[in-house]
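Residue-level structural notes
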Amino acid sequence: MSEDTLERSPVEDANRFIDLVNGGGFWRSVDLRVCAIRSGRRWMNLVTRGFLDHRPPRSVPRFSPVERRQFRAWQIVRPVAEIASIVRGIVSGMMKLRPRYVRYVGRSDQPAADTRYSFNELAGTYRTAAYDLWSCHSLVQYGSTIFDVVMQAGHDPFELDGMIRGGPNAYDGLPDLVRRFCARPRGLKMKGTTTVVELIAPLAVRFDPERISPSADRVTVTARAAADVFVANADVIWTVGSTIGEPVRHGSVRLAACEWTHEGDALVSELDFPVENVDSTATAFVVIGDRCVDRVSVPLASTASSIRIKTHDALDPGLERFRKQLRARGKNKSQQFEAAVGLLFFFLGFHMHPLSGHARRGDTIDHLAQAPGSSLMLAIECTVGALDTGGKVGKLIARSEHMRNQLPGSEVIAVLATASSREALSEAEVEKAERDDVLLLAQENLQELWIAAQAGETSVQVVDWFRQQLSQARLRQTQGSVA
């Protein structure tokens, strides 16, 4: 977080968010989802999550409320003209919107002062709001812990999930309610987590990472958008070149000038930009105004990356079998997935020792990987099911610790590779892995590593990235314990 951000007051951040929304011209509605606990005659916020929507209020889909005597979850849809009064009410500690007023408190029963604006870029490494669909302007506020607010309201926090399950329009407790009603994919735990407000104004254009096709003379990318209003204000800018130090070439296209078709609820468009046979990489950016809202870096076919990939390509043309196995799902695909993960690290330059084929495979990890020229070892476990199936996480932690004890002076990183997307993983599973310094590689991360391998990145670069991810996970754990 920048020094400038730290110096801004909550009111300044709130006004900045309001100005960006009002000046954007993209949104027509504010779609608020509120979860609150009764405290006497008042309602106290637990979770408020709001989305700025490009549709008029009458076109925003409606959710059925959850109404209990001591708990409520309801939706409020208002014209975007009301965004200023909504935000200022939240920051001041009281949002006055029918059907009921909601109080927002920080620690010591004071208005929640920890309110921050940030721009959440899809390609960025840090996002304030838990939101992964599009890049967005976000305003996030934290207050007292959910546990404390429920206690102060005179209720047993351990009965909150039961309240939510016990009546019409039920959800499976607060985490499920937040995940599905509030559209927060990673849900929310109760004990130790603060009450939260997340207001999200999406800039809804991005690349489709599954539909990128490089060839000898062009790169074809697919852009997706939520509505014409975002397309009308977006550009794609690209940079292509060969080796470092050589001049690069740039180009751009207005997305409004491209041909768009409907695909479900989204708009999609294919566009090409030219490359030459000497080019090694191409990077494309989606830009709205002065904001980069997505980017993709494409290794070009002419470089063919490393000799390891070239050699395997001769055995598996186009590496189609490898790429299919890297996305394998289902219990009967576990050996294929393990083999593909091992190949991926081999392509990245690691010395590999597959252990999953040994007779006593249940007693060991799936792969050992050593970074050339160093004493660093990766202990890699693979899963196509739930992260902790058969106690995988605990066994990986124990085996990694045993390796550290047996290899004094060496660094051992525990790696858990899953065929599942990060969105499909439960928050509890992810937290358990991060808490014990296990580097979790979900399907998106494996695809990023495959792109890195094609671009010729080395084991040194990969290890640096792994260390950064572990440091960020430790920071999240520290912040969570402080909260």
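You'll find the structure just up there.
Conventions adopted
- Residues numbered from 1 in each chain as written.
- Predicted model: local features only at pLDDT ≥ 70, side-chain atom pairs only at ≥ 80, totals over all residues.
- Heavy atoms only, no water.
- Helix = DSSP H or I, 4+ residues; strand = E, 2+ residues; numbered from the N terminus.
- Rg over C-alpha atoms; globule rule 2.2 N^0.38 Å.
- Buried < 20%, exposed > 50% of the residue type's maximum accessible area, 1.4 Å probe, protein only.
- Contact = heavy atoms within 4.5 Å.
- Areas by Shrake-Rupley, 256 points an atom, 1.4 Å probe, with all protein chains shown as cover.
- Phe/Tyr/Trp six-rings, centres within 6.5 Å; stacked < 30°, edge-to-face > 60°.
- Lys NZ or Arg CZ within 6 Å of the ring centre and 35° of its normal.
- Pairing = 2+ DSSP bridges.
- Core = buried A, V, L, I, M, F, W, Y, C linked by side-chain atoms within 4.5 Å.
- Axes fitted to C-alpha atoms, helices over the stretch in contact; angles between N-to-C directions.
- Right-handed = clockwise from strand over helix to strand, strands pointing away.
- Salt bridge = Lys/Arg side-chain N within 4 Å of Asp/Glu carboxyl O.

1. Examining the overall build of the protein
If you tally the helices and strands in the protein, you get 14 helices and 22 strands. In terms of C-alpha radius of gyration, the protein reaches 25 Å, essentially the compact-globule figure of 23 Å for 483 residues. Within the protein, buried positions represent 48% of all 483 residues. Once local pairs closer than 6 in sequence are excluded, the contacts in the protein between residues at least 24 apart make up 65%. When the accessible surface of the protein is totalled, it reaches about 22900 Å², and 51% of it is carbon and sulfur.

2. A closer look at helix α3 (residues 83-92)
Counting buried positions along α3 yields 7 of 10 residues, so the element is predominantly enclosed. Looking at α3, one finds that the buried residues are Ile83, Ala84, Ile86, Val87, Gly89, Ile90 and Val91. A positive phi of about 110° marks glycine 93, the residue just after α3.

3. Examining the packing of aromatic side chains
Inspection of the entire model under this criterion finds 15 aromatic pairs. Summarising the aromatic geometry, the rings of tyrosine 171 and phenylalanine 181 are spaced 6.3 Å apart at their centres and angled 75° between planes, so their arrangement reads as edge-to-face. With tyrosine 171 in the loop between α5 (160-165) and α6 (173-180) and phenylalanine 181 in the loop between α6 and β9 (194-203), this pair connects stretches of sequence that are 10 residues apart. Members of the aromatic cluster, joined through ring pairs, are Phe322, Phe346, Phe347 and Trp450. Sitting over the ring of tryptophan 74, arginine 100 keeps its end group 4.4 Å from the ring centre. Positioned over the ring face of phenylalanine 346 is arginine 308, at 4.3 Å from the centre of the ring.

4. Some words on the pairing of strand β19 (residues 367-370)
With 4 bridges connecting them, strand β18 (residues 351-354) and β19 associate as antiparallel partners. Among the inter-strand pairings, histidine 353 is bridged to a residue of β19, identified as leucine 368. Pairing of β19 with strand β20 (residues 376-383), which is carried by 4 bridges, proceeds in the antiparallel orientation. Within the sheet, the bridge partner assigned to glutamine 370 lies in β20 and is methionine 377. If you look at the hairpin formed by β19 and β20, you'll find 5 residues sitting between the two strands, and glycine 373 has a positive phi there, around 75°.

5. Section: the nonpolar core
One finds Phe17, Phe71, Met95, Leu177 and Leu255 to be the most contacted residues of the largest nonpolar core, which totals 90 residues. For phenylalanine 71, the contacting residues outside a window of four places in its chain are Cys35, Ala36, Ile37, Trp43, Leu46, Val66, Leu160, Met163, Ile164 and Leu177. One finds Phe322, Leu344, Phe347 and Leu376 within the second-largest nonpolar core, a separate group that totals 35 residues.

6. Details of the environment of serine 420
Positionally, serine 420 belongs in the loop between β21 (411-418) and α12 (427-435). With 349 residues separating them along the chain, serine 420 and phenylalanine 71 place their C-alpha atoms 34 Å apart. Excluding its chain neighbours within four sequence positions, the residues that come into contact with serine 420 are Arg329, Gly385, Leu425, Ala442, Gln443 and Glu444.

7. Remarks on the sheet that holds β20
Here 5 strands make up an open sheet; going across it, the order is β18-β19-β20-β21-β22 and the pairing mixed. Whereas interior strands pair on both sides, the edge strands pair on one side only; in this sheet they are β18 and β22 (438-441). Taken pair by pair, the neighbouring strands of this sheet meet at an average axis angle of 25°, ignoring direction.

8. Overview of unusual backbone geometry
Phi is mostly negative for residues that are not glycine, and the peptide bonds are mostly trans. Cis geometry is found at the peptide bond from arginine 98 to proline 99, where omega equals 20°. When you line up the elements, proline 99 lands in the loop between β5 (94-97) and β6 (100-103). A positive phi angle is found at asparagine 169, which is not glycine, with a value near 55°. Considering the arrangement of structural elements, one finds asparagine 169 in the loop between α5 and α6. Residue asparagine 169 is classed as partly exposed on the basis of its relative accessible area, which comes to 38%. Phi is positive for leucine 319, which is not a glycine, with a value near 50°. Within the secondary structure layout, leucine 319 lies in the loop between α8 (307-315) and α9 (320-326). Of the residues examined, leucine 319 reaches a relative accessible area of 5% and is grouped as buried.

9. Focus: α6
Residues lying three or four places apart along an α-helix face the same way, a consequence of the helix completing one turn every 3.6 residues. Every buried residue of α6 is accounted for by Gly173, Leu174, Asp176, Leu177 and Val178. Contacts made by the buried residues of α6 are with β1 (29-39), β2 (42-53), β3 (66-67), β4 (71-79), α4 (146-152) and α5.

10. Topic: the pairing of β22
Within a regular beta strand, the side chains point alternately toward one face of the sheet and then the other, so they alternate between its two faces. Here β22 shows a buried face lined by Val438 and Leu440 and a second buried face lined by Leu439 and Leu441. Here β21 pairs with β22 via 4 bridges, running parallel. Among the inter-strand pairings, valine 415 is bridged to a residue of β22, identified as leucine 439. For the segment spanning β21, α12 and β22, crossover handedness is right-handed.

11. Quick notes on the pattern of salt bridges
If you walk through the whole model with that rule in mind, you get 20 salt bridges. Where arginine 218 meets aspartate 272, a salt bridge forms, and the shortest distance between an N and an O atom there is 3.5 Å. Of this pair, arginine 218 sits in strand β11 (residues 218-225) while aspartate 272 sits in strand β15 (residues 266-274), and the two are 54 residues apart along the sequence. Note on arginine 218: relative accessible area 37%, which makes it partly exposed. The network of salt bridges with shared partners includes Asp208, Arg211, Arg224 and Glu263.

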